[in-house]
Amino acid sequence: MTIHWPWGRQKSRIVWIDLGDLGDLVHPEGPHEQWQDHGLALLRTIMHQAGIQTDIVSTRAVTSWEQLKAQVTGYDMALMNVRSYTFPSGRRAAQVFKEVNPNGLVMAGGMHATVAADEMLETPEFDKVCQGPGEKIILDLVRDPAAFPRLFQGRGAASMAEWPMIDRTLWPRPASREVTRRFNWPLEPECGWGPGPVVTLLTSRVCPWQCVFCNESSYIPNIGRRPVDAVIEELNYLDDHYGVGSFVIHDSMFFQNPSWLREWIEKYPRKAHKRWGYWAAGRADTVRQWPDLFEALVRETNWNMISIGFESGSDRVLRLLNKECTEEDNNFAIDLVNRLGDELAAKGRIPPRFWSNIMLGIPGEQPEDAFKTMRMIKRMKRVFPSISYYAPYPGSALGFQLIAEGKSKMSKENYHRFPDDEKVVGVDYNFYRELLAGKYDAEVNAGLTPEEQRRGYAGLYAAALTKA
Ligand code: B12
Ligand code: SF4
């Protein structure tokens, strides 16, 4: 039996290995690598409720593979949720696990297993690889792994209404005093979007659009949305137990399904202990399609961090991306949020701000397209720009195409790239570095008002590059 801090004595023969870069829960570089994994929490909750106890370790809570080795010694089974950006740490963790438990089984599922099974199968340490959702299969799998072939299809619930409320105490703990102090475990830390303690939650799982850099609907099966009442009950429960400061709705697309949203507008202000502000995602075209619904969400439910996947300010690139949004849609959403922000700020309320997702370095993008994108960001009065160089992830149509053409620079060793890494062959990254450093401000500022021109100082946009 091994004893390892901070989880204490080994209690089970099964261990979940939470994935991410070494040290992310010891001395994180930024807030987003501290978010917890809902796939892991859901499956672990289901197991514990069925009487199958598990332990947890995390590659994020150690600073070397040797430390992990000591923590995983003595287990019969390891379970992991592998996404493309955690594939390198998942693969390494599987190897470490096998070194110390040669007869132990490693069972992995998750997005990378779903979209890049070939890479999972090339790694001999993965004994079982589950594609797709795992909630209806996890118990059978751990009870009788031998009944499953090496690669198999998972089974999901028809609706998120069937999911249990996740037990957040099953998440890994922050692993240094400094991080523990501000983490609010088992809730999550502030990241600048709203006051802590922060709750992350999901109300829906799949987005029906088909943007070529994402197209989740082609690999995440449809599943009914979580009932509004269950979302509010969970928030109230967490408030009773830990105190809630604000929350983050991790849905890929919150602003869909108008009847659900109307029910949310009707019930959340009335039934929740407080009208906590929250972060959630939408699209510019649907903001334009349902402006009244959007305004009501902002005004009545305190949707004050509005994540929009603008991606580009150029119609030409938006078409290349099959974004199905236009420059006009983007401008409509920007004008509306600017106006609403002014109005709410004048009343002393927290004005809504954009979390604006932007991609640069999209294959086929011309300098003028990129200038338009930067110009678009400057039209936003209140914005956190989240800029990344386009990354060809497997699973997406464009990602698969570039991988097949040999143009992806993302590798098994380094899927999870840093923002300023080069990701696609043939893209002039030097141009983008100079653009973000302000070299082309004259071109970007053309046609903008003096106030808009002043927004964003040299370096701000470079600093806004996110890990991707
Ligand atoms: C929330 C979220 C985030 C959050 C938090 C991530 C976290 N710590 O969990 C944040 C905002 C930080 C984030 C960031 C990014 N994300 Co993200 N994210 C999501 C999102 C919207 C939800 C994830 C989730 O909780 N799903 C719900 C749970 C229940 O599902 P699940 O984890 O997949 O688990 C299920 C199955 O996979 C399976 N399963 C999982 N593990 C196991 C294990 C076993 C043994 C078995 C049998 C089954 C099984 O069963 C589970 C239940 O059904 C997904 C899209 C989506 N709708 O899933 C994208 C997604 C995972 N992200 C993605 C990407 C690309 C990113 C970024 C790189 C984006 C960017 N360019 O910046 C960054 C990278 C972050 C980083 N640097 O670390 C991609 C991953 C693509 C891929 N091929 O892996 C997705 C799929 C979105 C997309 N279509 O592009 N993300
Ligand atoms: S990028 Fe956004 S809108 Fe497009 S498919 Fe993905 S989640 Fe949906």
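On a predicted model such as this, the values are computed, not experimentally measured, just so you know.

Scoring rules and cut-offs
Residues numbered from 1 in each chain as written. Chains lettered and ligands numbered in written order. Predicted model: local features only at pLDDT ≥ 70, side-chain atom pairs only at ≥ 80, totals over all residues. Helix = DSSP H or I, 4+ residues; strand = E, 2+ residues; numbered from the N terminus. Rg over C-alpha atoms; globule rule 2.2 N^0.38 Å. Contact = placed C-beta atoms within 7 Å. Axes fitted to C-alpha atoms, helices over the stretch in contact; angles between N-to-C directions. Parallel < 35°, antiparallel > 145°, perpendicular 65-115°, else oblique. Left-handed = near helix turned anticlockwise from the far one by under 90°. Nonpolar A, V, L, I, M, F, W, Y, C, P; charged D, E, K, R; others polar. Pairing = 2+ DSSP bridges. Right-handed = clockwise from strand over helix to strand, strands pointing away. Domains from an automatic or database assignment. pLDDT = per-residue confidence, 0-100. Expected span 1.5 Å × (residues − 1). Buried ≥ 20, exposed ≤ 12 C-beta atoms within 10 Å, placed from the backbone.

Caption draft 1: Structural view of the overall build of the chain. Across its full length, the chain carries 19 helices and 14 strands. Relative to its length of 468 residues, the chain is compact, with a C-alpha radius of gyration of 22 Å against a globular reference of 23 Å. Its C-alpha atoms give the chain principal-axis dimensions of about 65 × 55 × 40 Å. Of the contacts formed within the chain by residues at least 6 apart in sequence, a portion of 74% connects residues at least 24 apart.

Caption draft 2: Quick peek at the packing of helix α2 (residues 65-72) against helix α3 (residues 87-100). For the pair α2 and α3, interaxial distance at closest approach is 9 Å and the crossing angle is 50 degrees. Taken together, the axes of α2 and α3 lie oblique to each other. The chirality of how α2 crosses α3 is right-handed. In this structure, α2 uses W65, L68, K69 and V72 to contact α3, whose residues at the interface are R92, A93, V96, F97, E99 and V100. Looking at the contact of α2 with α3 residue by residue, the class counts come to seven nonpolar, no polar and three charged.

Caption draft 3: Expanded view of the pairing of strand β9 (residues 198-201). Pairing of β9 with strand β10 (residues 246-249), which is carried by four bridges, proceeds in the parallel orientation. Of the residues in β10, the one forming a bridge with L201 is I249. For the segment spanning β9, helix α8 (residues 228-242) and β10, crossover handedness is right-handed.

Caption draft 4: Inspection of the domain arrangement of the chain at higher detail. What the domain assignment lists for the chain is domain 1 (3-153) and domain 2 (190-463). A separation of 30 Å is found between the C-alpha centroids of domain 1 and domain 2. Across the contact, 17 residues belong to domain 1 and 14 residues belong to domain 2. When contributions to the side of domain 1 that touches domain 2 are tallied by element, the ones reaching two or more residues are α3 and α4 (111-115). A per-class count over the side of domain 1 that touches domain 2 returns nine nonpolar, seven polar and one charged.

Caption draft 5: Quick look at the confidence of the model for the chain. Here the chain averages 94 in pLDDT, while 94% of its residues score no lower than 70. Low pLDDT, under 50, characterises residues 1-6; the stretch is placed with 14 contacts to residues that sit more than four places away or in other chains.

Caption draft 6: Representation of the sheet that holds strand β5 (residues 77-81) within the structure. Ordered by their spatial adjacency, six strands build an open sheet running β4-β3-β5-β6-β7-β8, and the pairing between neighbours is parallel. Sheet topology places β4 (55-58) and β8 (151-153) at the edges, where each strand pairs with a single neighbour. Looking at each pair of strands side by side, their axes are set apart by 25 degrees on average, direction ignored. Across five bridges, the pairing between β5 and strand β6 (residues 105-109) is parallel. What sits directly across from N81, in β6, is G109.

Caption draft 7: Broad picture of α3. With 14 residues, α3 ought to run about 20 Å at 1.5 Å a step, and its terminal C-alpha atoms sit 20 Å apart, in line with that. Among all positions of α3, only F87, S89, G90, R91, A93, A94, V96 and F97 are buried. Where α3 is buried, its residues meet β3 (14-18), α2, β5, β6, α4 and α5 (117-121).

Caption draft 8: Summary view of the environment of W185. As for its placement among the helices and strands, W185 is situated in the loop between α7 (177-183) and β9. Separated by 101 residues in the primary sequence, W185 and T286 place their C-alpha atoms 35 Å from one another. If near-sequence neighbours (up to four positions away) are discounted, W185 is found in contact with R173 and P174.

Caption draft 9: Broad picture of the packing of α8 against helix α9 (residues 258-271). Their axes nearest at 9 Å, the elements α8 and α9 cross at an angle of 30 degrees. One finds that α8 runs roughly parallel with respect to α9. Between α8 and α9 lies a crossing of right-handed hand. Of the residues in α9, those touching α8 at V228, D229 and I232 are W260, E263, W264, K267, Y268 and K271. Of the residues belonging to the contact of α8 with α9, the class tally is five nonpolar, no polar and four charged.

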